[in-house]
Amino acid sequence: MMDADLEDGILGPYQDRPRTFPVMRSKSYTPLVLRILMRINVRVLLVLLFLALGGLVYIGARTSPIILFVFSVCFISFLFAIYLTKWVLAKDEGPPEMVQISEAIRDGAEGFFRTQYGTISKMAFVLALVIFVIYLFRTMSPHQESLGRAASAYITVASFLLGALCSGMAGYVGMWVSVRANVRVSSAARRSAREALQIAVRAGGFSAIIVVGMAVLGVAILYATFYVILGVDTPGSMKVTDLPLVLVGYGFGASFVALFAQLGGGIYTKAADVGADLVGKVEQGIPEDDPRNPAVIADLVGDNVGDCAARGADLFESIAAEIISAMILGGTMAKRCKIEDPTGFILFPLVIHSFDLVISSIGILSIRGTRDAGTLIEDPMAILQRGYSITIVLAVITFGASTRWMLYTEQAPTAWLNFALCGLVGIMTAYTFVYITKYYTDYKHEPVRTLALASSTGHGTNIIAGISLGLESTALPVLVISVAIVSAFWLGHTSGLVDETGVPTGGLFGTAVATMGMLSTAAYVLTMDMFGPIADNAGGIVEMSQQPESVREITDLLDAVGNTTKATTKGFAIGSAALAAFLLFSAYMDEVASFANTPFNQVDIAIPEVFVGGLLGSMLIFLFSAWACSAVGRTAQEVVNEVRRQFIERPGIMEYKEKPDYGRCVAIVASASLREMIKPGALAIISPIAVGFMFRWLGHFTGHPLLGAKVVASMLMFATVTGILMALFLNTAGGAWDNAKKYIETGALGGKGSDCHKAAITGDTVGDPFKDTAGPSIHVLIKMLATITLVMAPVFL
């Protein structure tokens, strides 16, 4: 609920106070956990912190020295993140008009976050109860017989809720920093372009370090706690190679929150953006982020809840899912190969991501400011790419050292070298994905310029060119993923690790290592992603506070680069989702085999029911995308009608004599996005469970006990393949349309206000729900389908 002062805060006519904006402040929002901590005496808080650290050291020492290493790196990284925060917040916020706009954005973002995550948390508790009941009555696998049904249910539910909580915290961290950094970037742009760039990067870096650090620390704490409590590897208890299987609830909880965060935030940001552009830029001919546009505050709020909070939860979920699936496959391979000490193969993903925190921090610090005022001497994208190149080089070095440290075994002395090469394949895949996405979305390259040229002949040709560009952009990434999977599997297969019968078993773990390689620079890539919405918000604040054109030129340049970095991060996320989904699919096959106590290593799509499962999986992706895009369309219609109403009923708005009612648009998109996110989210969760149950009973009556598991496997496989292609198409087409518009706004092909520009705005409007709602939600969806099938696998048998 929005407070009344949000709806109608009016401070007088524009001519009296031309740079004063409605006071939209409601109550300042601080999460309950932080409010409780703030009320505790500082000394008591320090004692509690000391006890918590002591507890971590104790369970780490009881588990493995590797866990202690991971805890230490995460703790140091959090200290580095605190340094980045203090550095950013020490910068000035600029003149009062900038501060007022920033506070309006902050309050809108925090208010929506509170309501959205309140809704998500209620749904999470209901789902946790459902999981608990199912686990009390499900089939037990051999490795869980020592636990019992009740203990297994409690462990899974606790893991699920912890994953959901950490994912929500990751989203909050992403939003918290962006709403405070945006105004500081705006202020810095008045002095130096390079300083503005550095502030935006370091603010994004803070969020990235916290998100990745929480993902690693959460899994490590869960693993170590269960290791100690369950007495792993003691007589009559669970084996350490089976322990990762009890962590799958954590990944499911993270996926659950990330999906709804991405849907709700994406619907919010794009509905406001579409409404603001269609009426403001096309019908009224006013600039983007003009203070006369009633939807402009809602648009700027959307950048934070959609691009920052949702992307933080998304990357958190990607890393958590990849770590858990790789731990499961490492444990399974170590068991088959009878490796004496399997700890290194199980904990390897945690070490890789610990090094990610270190090398990404160095990459972030490599981007420095200068004292030169005015425009940048070099392209900001080149500066960011240089930092990424430094991170990549360090990743290659640390990955090689980690494989020698963790994966060396006497049974196959050269296996670690093969796995180091698998990691190199993953790192090269990540770099190639970033480059391909940049080629298709940056207006310095031919595809976007060709799309901009198509705008000169009208709206229709712009749409045709954008769709064809998006379709074409799926080819190269799929070829890269294919080469990466086959290469990594072959390198792992030939590593020399064999089971008791002499059959090579390292192939799947090789693909897991390649996935780790791809995500070994995740913190820096997320930094580049967070840079985008912060720069976008900074440009909006500069425009609304009516700063000189030279300042707007700097923020426009950073905003255009931010569009490209957001697109490249989405490409990176899709690639990692594809590899992680392959790992999770393999982990699902292993888990079904464990529960059924029979081999389950292939799915025959020639069986009609299995083929139908594949069709349902592909259909799910299209239906989910349709519902996500239509949700944006319906909400945008409400915004368009409201903006038009204000321009008609308050003609003085265009002459700066009356103020727009910004709060009304914020309230519309907030309530609509919360309402609209439920249907596609419920579809994603219910579909695989319903299909699995239905075909399980069909198999029971027809004498095929594994039919439910096979149909779900087919559904998962087809949904993953279709989802990768659909996400690539939607993300790239949307990013290209956006930057084609930006290219024209630089003065090309007639510049702002021309017919060519209006056609490009139409393309950008079509691309908004593609790239910021449906596209990002799909790569969360395919990983959530994999984690939900892992958690629910026992009920399909």
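Residues numbered from 1 in each chain as written. Predicted model: local features only at pLDDT ≥ 70, side-chain atom pairs only at ≥ 80, totals over all residues. Heavy atoms only, no water.

**Q** Which parts of the structure should I look at to understand the packing of aromatic side chains?
**A** Each pair of aromatic rings is reported with the distance of its centres and the angle of its planes. Under the defined criterion, the tally for this structure stands at 22 aromatic pairs. A ring pair is formed by phenylalanine 160 and phenylalanine 252, whose centres lie 5.2 Å apart and whose planes are at 50°; its orientation type is tilted. Here phenylalanine 252 lies in helix H8 (residues 248–283) and phenylalanine 160 lies in helix H6 (residues 149–189), a separation of 92 residues in the sequence. Like phenylalanine 252, phenylalanine 160 is buried. (Phe/Tyr/Trp six-rings, centres within 6.5 Å; stacked < 30°, edge-to-face > 60°. Helix = DSSP H or I, 4+ residues; strand = E, 2+ residues; numbered from the N terminus. Buried < 20%, exposed > 50% of the residue type's maximum accessible area, 1.4 Å probe, protein only.)

**Q** Mind showing me how you'd approach the environment of serine 178 here?
**A** Mapping serine 178 onto the fold places it in helix H6. On the basis of relative accessibility, which here comes to 0%, the residue serine 178 falls in the buried class. Along the chain, serine 178 and valine 99 lie 79 residues apart, while their C-alpha atoms are 14 Å from each other. Those residues in contact with serine 178 that lie beyond four places of it in its chain are Asn304, Cys308 and Ile534. (Contact = heavy atoms within 4.5 Å.)

**Q** I would appreciate a short explanation of the packing of helix H16 (residues 507–518) against helix H18 (residues 549–596) in the present structure.
**A** The description of two helices packed together rests on the angle between their axes and the distance between the axes. Contact geometry of H16 with H18 gives a least axis separation of 10 Å together with a crossing angle of 155°. Overall, the two elements H16 and H18 adopt an arrangement that is roughly antiparallel. The handedness of the crossing between H16 and H18 comes out as left-handed. Packed against H16, whose contacting residues are Leu508, Thr511, Ala512, Ala514, Thr515 and Met518, the element H18 presents Phe572, Gly575, Ser576, Leu579, Ala580, Phe582, Leu583 and Ser586 at the interface. In the contact of H16 with H18, the residues fall into 9 nonpolar, 5 polar and no charged. (Axes fitted to C-alpha atoms, helices over the stretch in contact; angles between N-to-C directions. Parallel < 35°, antiparallel > 145°, perpendicular 65-115°, else oblique. Left-handed = near helix turned anticlockwise from the far one by under 90°. Nonpolar A, V, L, I, M, F, W, Y, C, P; charged D, E, K, R; others polar.)

**Q** Would you mind showing me how to read the pattern of salt bridges here?
**A** Side-chain pairs of opposite charge can arise whenever the charged atoms involved come near each other. Tallying each qualifying case throughout the model produces 25 salt bridges. A salt bridge links lysine 742 to aspartate 559, with the shortest nitrogen-to-oxygen separation between them at 3.5 Å. One end of the pair, lysine 742, is in helix H22 (residues 707–745); the other, aspartate 559, is in helix H18, and 183 residues separate them in sequence. Between aspartate 738 and lysine 742 there is a salt bridge, and its shortest N-O distance comes to 3.6 Å. Of this pair, aspartate 738 and lysine 742 both sit in helix H22, 4 residues apart, which is roughly one turn of that helix. What makes aspartate 738 buried here is its relative accessible area of 7%. It is possible to trace a salt-bridge network through shared partners that takes in Lys270, Asp273, Asp559, Asp738, Lys741, Lys742, Asp764, Asp768, Lys771 and Asp772. (Salt bridge = Lys/Arg side-chain N within 4 Å of Asp/Glu carboxyl O.)

**Q** Hey, could you run me through the environment of serine 102 in this one?
**A** Mapping serine 102 onto the fold places it in helix H5 (residues 96–136). Residue serine 102 is classed as buried on the basis of its relative accessible area, which comes to 1%. Between the C-alpha atoms of serine 102 and proline 342, which are 240 residues apart in sequence, the distance is 52 Å. Residue contacts for serine 102: discarding those within four places in its chain leaves Val179, Asn182, Val183 and Ile541.

**Q** It is not clear to me how unusual backbone geometry should be interpreted in this structure. Could you clarify?
**A** The phi angle at lysine 338 is positive, at roughly 55°, despite the residue not being glycine. By the secondary structure assignment, lysine 338 is in the loop between helix H9 (296–336) and helix H10 (343–365). If you check the backbone angles, leucine 749 has positive phi at about 55° while not being a glycine. When you line up the elements, leucine 749 lands in the loop between H22 and helix H23 (755–792).

**Q** When you look at the side chain of threonine 789 in this model, what are you seeing that I'm missing?
**A** Its place among the elements puts threonine 789 in helix H23. Looking at threonine 789, its side chain comes within polar contact range of the main-chain oxygen of leucine 785, at 3.0 Å. Not counting the four nearest positions on each side in its chain, threonine 789 is found in contact with Tyr588, Pro688, Val712, Leu716 and Phe796. (Polar contact = N/O pair within 3.5 Å; in protein donor to acceptor, adjacent residues only side chain to side chain.)

**Q** Help me out: how do you make sense of helix H17 (residues 522–544) in this one?
**A** Each full turn of the α-helix corresponds to 3.6 residues, which orients residues three or four apart in the same direction. Compared with the 33 Å implied by 1.5 Å per residue over 23 residues, the 34 Å span of H17 between its first and last C-alpha is a close match. Burial analysis of H17 places 23 of its 23 residues in the buried class, which makes it a mostly covered element. Immediately beyond the C-terminal end of H17, within one or two residues, lies glutamine 546, with a positive phi of roughly 55°. (Expected span 1.5 Å × (residues − 1).)

**Q** I tried to follow the nonpolar core on my own but got confused; where do I start?
**A** Generally speaking, nonpolar side chains in soluble globular proteins are found buried as a group. In terms of nonpolar packing, the biggest core is built from 274 residues, with Tyr223, Ile297, Phe419 and Tyr588 touching the most fellow members. Top element by residues in this core is helix H7 (residues 193–229). It accounts for 25 residues. Once you skip the residues sitting within four places of it in the chain, tyrosine 588 turns out to touch Phe600, Ala709, Val712, Ala713, Thr789, Leu790, Ala793 and Phe796. (Core = buried A, V, L, I, M, F, W, Y, C linked by side-chain atoms within 4.5 Å.)

**Q** What am I meant to see in the side chain of glutamate 676 here?
**A** Locating glutamate 676 in the fold gives a position in helix H20 (residues 662–676). Excluding residues within four positions of it along the chain, glutamate 676 makes contact with Ile267, Ala631, Arg634 and Thr635.

**Q** Help me understand the environment of glycine 750, please; the structure alone is not making it clear to me.
**A** Take glycine 750: it is sitting in the loop between H22 and H23. Each C-alpha atom, one on glycine 750 and one on isoleucine 467, is 23 Å from the other, the two residues being 283 residues apart in sequence.

**Q** What should I look at first to understand the confidence of the model for the chain in this one?
**A** Low pLDDT marks regions whose predicted coordinates should not be analysed in detail. Chain-level statistics for the chain give a pLDDT mean of 82 and a share of 92% at 70 or above. Of all secondary-structure elements in the chain, the lowest mean pLDDT belongs to helix H1 (residues 4–7), at 36, while helix H14 (residues 459–472) reaches the highest, 93. Scored below 50 in pLDDT, residues 1–27 makes 66 contacts in the model with residues more than four places away or belonging to other chains. (pLDDT = per-residue confidence, 0-100.)

**Q** I'm lost on helix H13 (residues 446–454) in this one. Help?
**A** Along H13, the residues classified as buried are Pro447, Val448, Leu451, Ala452 and Ala454. Burial along H13 is one-sided: seen end-on, the buried residues are contained in an arc of 155°. Looking at the buried side of H13, the elements it contacts are helix H12 (415–441), H14, H22 and H23. (Arc of directions from axis to C-beta.)

**Q** Where do I start with the state of the cysteines in this structure?
**A** Summed over all chains, the structure comprises 0 disulfides. Between cysteine 74, a cysteine without a disulfide, and cysteine 166, which holds the nearest cysteine sulfur, the sulfur-to-sulfur distance is 12 Å. Exposure remark for cysteine 74: the relative accessible area of 0% places this residue in the buried category. (Disulfide = S-S within 2.5 Å.)

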